[in-house]
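Working through the structure, step by step
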Amino acid sequence: EFIALGSVIRNFLNPDLVLIGASDSRSATTIQELYASMVESRPAYGVMSLTNAELTKLSLNCFVTMKISFVNELTALCQATPGADVDAITKALGADSRIGPKYLKGGLGFGGPCLPRDNVAMQRYAAGKGLELRLSPAVTSVNRDVVERLFAAVAQRVPAPGPVALLGLSYKPGTHIVEESQSLMLARRLGDAGYAIRLHAPLAVAFSGEALSGLGKTCDDPYQAAAGARAVVLLTDWPEYGGLDWERLQRAAGPQPLLVDSWRALKDMAFTRFSYLGLGLGPKP
């Protein structure tokens with residue numbers, strides 16, 4: 001359960017932790033020996049009861065999402081603070097061994113088939129025990145707010161019907177999976193508000209086309225998506241987008257175009273036409 005889409009084989013062969021829930025010691029030993037014969041790293045082995053293993057699995061994913069939502073709230077705070085740069089702050093935070101740098105980059109919220117589901121599962125399990133969790137619901141609420149902040153960033157500067165180009169549709173790079181993707185949530189939000197949407201992604205358009213039906217016009221390349229667009233929103237942080245000819249892309253865009261950079265991948269570029277908005281970058285003092 002701790003392998004991640006886009007890096008499945010590497011994660012399987014090099015785990016930090018092998019979590020084993022077992023009903024008896026013989027089963028646990030057999031499974032541990034099996035994994036030890038296959039992995040290339042020297043992982044920790046968490047051997048425990050079935051109940052503890054289930055709770056550990058849920059807790060790991062819920063803790064990771066808590067970290068993601070924390071940094072996305074920090075991203076919003078930095079964006080409202082003149083001179084602030086969320087990357088400078090998270091670099092310092094991540095250097096503290098109590099925190100660490102993983103999952104500490106402000107940008108989009110979490111999606112995919114596992115992390116949102118496990119937060120809901122934890123909340124419902126607690127409710128069944130007569131307990132009300134406080135952190136987990138807050139984590140999911142912050143995650144939903146990211147889409148609203150992106151929508152507001154576009155709506156405040158570009159009137160409907162747009163058009164708006166969305167680059168990157170999967171819930172993260174390295175996969176075509178769009179389940180619980182915040183990019184798709186933004187596409188629906190903009191579409192409901194009357195914007196004309198153009199969609200591009202390295203894999204999702206080709207392999208998840210059915211899930212994109214009705215959201216907007218799918219495009220074969222990002223330059224086609226950006227042609228005439230009043231706003232271009234860089235969403236999933238595919239490395240391919242960093243290598244685009246951004247001069248060509250901004251020439252293709254419509255009048256007074258807005259560029260929203262969810263991960264600040266382009267913050268060091270100088271643009272002649274784009275009005276640049278990097279999430280987590282405060283206005284210049």
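Located above this text is the structure these notes cover.
A brief structural summary. (Residues numbered from 1 in each chain as written. Predicted model: local features only at pLDDT ≥ 70, side-chain atom pairs only at ≥ 80, totals over all residues. Heavy atoms only, no water.)

Attention shifts here to the overall build of the protein. When you go through the protein residue by residue, the secondary structure sums to 11 helices and eight strands. The globule rule puts the C-alpha radius of gyration for 285 residues at 19 Å, and the 21 Å found for the protein is close to it. In terms of overall dimensions, the protein has a C-alpha envelope of 70 × 40 × 35 Å along the principal axes. A burial count over the protein gives 43% of its 285 residues as buried. Once local pairs closer than 6 in sequence are excluded, the contacts in the protein between residues at least 24 apart make up 70%. Carbon and sulfur atoms provide 56% of the accessible area of the protein, an area that totals close to 15,000 Å². Once the 28 positive and 26 negative side-chain charges of the protein are each reduced to a mean point, those two points are 4 Å apart. (Helix = DSSP H or I, 4+ residues; strand = E, 2+ residues; numbered from the N terminus. Rg over C-alpha atoms; globule rule 2.2 N^0.38 Å. Buried < 20%, exposed > 50% of the residue type's maximum accessible area, 1.4 Å probe, protein only. Contact = heavy atoms within 4.5 Å. Areas by Shrake-Rupley, 256 points an atom, 1.4 Å probe, with all protein chains shown as cover. Lys, Arg positive; Asp, Glu negative; His and termini not counted. Charge placed at Lys NZ, Arg CZ, Asp CG, Glu CD.)

The parallel open sheet is built from six strands, whose spatial order is 5-4-3-6-7-8. Single-partner strands in this sheet number two, and they are strand 5 (217-218) and strand 8 (275-278). Inspection of the sheet shows strand 6 (residues 231-234) paired to strand 7 (residues 258-261) by four bridges, in the parallel sense. Paired with Leu234 across the strands is Asp261, a residue of strand 7. (Pairing = 2+ DSSP bridges.)

Because the α-helix completes a turn every 3.6 residues, residues three or four places apart line up on one side. In a regular helix each residue adds 1.5 Å, so 12 residues correspond to 16 Å; helix 2 (residues 25-36) covers 16 Å between its end C-alpha atoms and thus fits that length. One side-chain oxygen of the residue at the start of helix 2 lies 3.2 Å from the amide nitrogen of Arg26, identifying that residue as Asp24. (Expected span 1.5 Å × (residues − 1). Polar contact = N/O pair within 3.5 Å; in protein donor to acceptor, adjacent residues only side chain to side chain.)

Right, let's get into the pattern of salt bridges. Overall, the coordinates contain 10 salt bridges when judged by the stated rule. Its salt-bridge partner being Asp118, residue Lys57 comes within 2.6 Å of it at the nearest N-O pair. With Lys57 in helix 3 (residues 50-79) and Asp118 in helix 5 (residues 115-128), this pair connects stretches of sequence that are 61 residues apart. The two residues Lys57 and Asp118 agree in class, both being buried. As a salt-bridge pair, Asp118 and Arg117 come within 3.0 Å of each other at their nearest N and O atoms. Given the relative accessible area of 2%, Asp118 is considered buried. The network of salt bridges with common partners includes Asp85, Asp87, Lys105, Arg264 and Lys267. (Salt bridge = Lys/Arg side-chain N within 4 Å of Asp/Glu carboxyl O.)

What follows deals with the environment of Gly209. By the secondary structure assignment, Gly209 is in the loop between helix 8 (204-207) and strand 5. By relative accessible area, Gly209 is classed as partly exposed at 34%. Distance in space between the C-alpha atoms of Gly209 and His176 is 9.7 Å, their sequence separation being 33 residues.

Inspection of every chain in the model, using the stated rule, returns three aromatic pairs. Consider the rings of Phe12 and Tyr35, whose centres lie 6.1 Å apart with planes at 45 degrees: the pair is tilted. With a gap of 23 residues between them, Phe12 in helix 1 (residues 8-13) and Tyr35 in helix 2 connect regions that are remote in the sequence. Judged by its relative accessible area of 34%, Phe12 is partly exposed. For Tyr35, a relative accessible area of 29% corresponds to the partly exposed category. Measuring from centroid to centroid gives 5.7 Å for Phe271 and Phe274, while their planes differ by 80 degrees, and the two rings are edge-to-face. On the basis of relative accessibility, which here comes to 19%, the residue Phe271 falls in the buried class. Among the aromatic residues, those joined into a cluster by ring pairs are Phe271, Phe274 and Tyr276. (Phe/Tyr/Trp six-rings, centres within 6.5 Å; stacked < 30°, edge-to-face > 60°.)

Per the counting criterion, the structure on display carries zero disulfides. You can see Cys62 has no disulfide; the closest cysteine sulfur is in Cys114, sitting 12 Å from it. (Disulfide = S-S within 2.5 Å.)

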